[in-house]
Structures are given as structure tokens and as C-alpha cells.
Amino acid sequence: MERRALNLQLNDYRLVTAEILYHMPDHPGLLQSYLWQDYDLAPRLPVLHKFLDFWSRNLDGKLHSIKLAKTEIISPGEWRHAGALLSLH
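Bear in mind the structure is a predicted one, so any value in this text is a computation, not a measurement.

Bringing the nonpolar core into the picture now. One finds Val-16, Ala-18, Ile-20, Tyr-22, Trp-36, Leu-45, Leu-48, Phe-51, Leu-52 and Trp-55 forming the largest nonpolar core, which totals 10 residues. Secondary-structure elements contributing two or more residues to this core are strand S1 (14-23) and helix H2 (46-58). Once you skip the residues sitting within four places of it in the chain, Leu-52 turns out to touch Ile-20, Leu-63 and Ile-66.

Written out as C-alpha cells, the structure is:
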């Protein structure tokens, strides 16, 4: 794992994925999908907001909708109880 990513995760950043639907500039009736992914602070999402502000100011495709997913990559370990114990001799 990259050192930057680990440092961000240890400071409460989470991996955020956004599916951005936007109107194609030459064909406004058609939607195009763009996937964006970065580490961000939920629930405010300042990194995503900065990206969307850049999009609105500099790109021609008008935003239609955004779907978000986030996950904590560093989390407590999980364990399960074994249903059976088998020994081979």
C-alpha cells in the first residue's frame, strides 16, 4: 500500500467512488458516465466537491447526477467460527 494512502486512512479518510452522469456536450440528450475515485473525508467530501467545482467551471458536459459509494479500507479484523474441525493423519 502506498504510504500516502495509508496516512490518509489513518486520518479518517475513506476511499470514495463517484459515478458521475453528465450530458454529452455535442448531444445533450445523451448521458455519459464517468467514474471518479479518491480518498476523501465523509460526509463533507471536500475532495469530491473540489473536483465537481473544477468540472462545472472548466468542462462542457453539464452534470446530470452523481452516485456515491464509500468504504473504510482499514477496519477491525473479522473472524468466523469454524463449523467443523477435521484432522488428517
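Our next topic: the environment of Gly-61. Within the secondary structure, Gly-61 sits in the loop between H2 and strand S3 (63-71). When the C-alpha positions of Gly-61 and Asp-26 are compared, they lie 8.8 Å apart, and in sequence the two are 35 residues distant. If we ignore the near neighbours within four places in the chain, the residues touching Gly-61 are Tyr-22, His-23, Pro-25 and Trp-55.

Time to look at the packing of aromatic side chains. For the structure on display, the rule yields five aromatic pairs. With a centroid separation of 5.7 Å and 65 degrees between ring planes, the pair formed by Tyr-34 and Trp-55 is classed as edge-to-face. Here Tyr-34, found in strand S2 (residues 31-40), pairs with Trp-55, found in helix H2; they are 21 residues apart in sequence, far enough to count as distant. Taking relative accessible area as the criterion, Tyr-34 reaches 35% and is therefore assigned partly exposed. A residue is classified by how much of its surface remains accessible, and Trp-55, at 5% relative accessible area, is buried. Seen in terms of ring centroids, Trp-36 and Phe-51 are 5.9 Å apart; in terms of plane orientation they differ by 25 degrees. Their pairing is stacked. Taken together, the residues Trp-36 in strand S2 and Phe-51 in helix H2 connect sequence positions 15 residues apart. With respect to burial, Trp-36 and Phe-51 carry one shared label: buried. Taken together, Tyr-22, Tyr-34, Trp-36, Phe-51 and Trp-55 form an aromatic cluster joined through their ring pairs.

We now examine the pattern of salt bridges. When the charged atoms of two side chains with opposite charge come close together, those side chains can pair. Enumeration according to the criterion identifies one salt bridge in this entry. Note that Asp-12 is salt-bridged to Arg-14, the shortest N-O span being 3.8 Å. The class of Asp-12 is exposed, set by a relative accessible area of 52%. For Arg-14, a relative accessible area of 14% translates into the label buried.

Definitions and limits used
- Residues numbered from 1 in each chain as written.
- Predicted model: local features only at pLDDT ≥ 70, side-chain atom pairs only at ≥ 80, totals over all residues.
- Heavy atoms only, no water.
- Core = buried A, V, L, I, M, F, W, Y, C linked by side-chain atoms within 4.5 Å.
- Buried < 20%, exposed > 50% of the residue type's maximum accessible area, 1.4 Å probe, protein only.
- Helix = DSSP H or I, 4+ residues; strand = E, 2+ residues; numbered from the N terminus.
- Contact = heavy atoms within 4.5 Å.
- Phe/Tyr/Trp six-rings, centres within 6.5 Å; stacked < 30°, edge-to-face > 60°.
- Salt bridge = Lys/Arg side-chain N within 4 Å of Asp/Glu carboxyl O.

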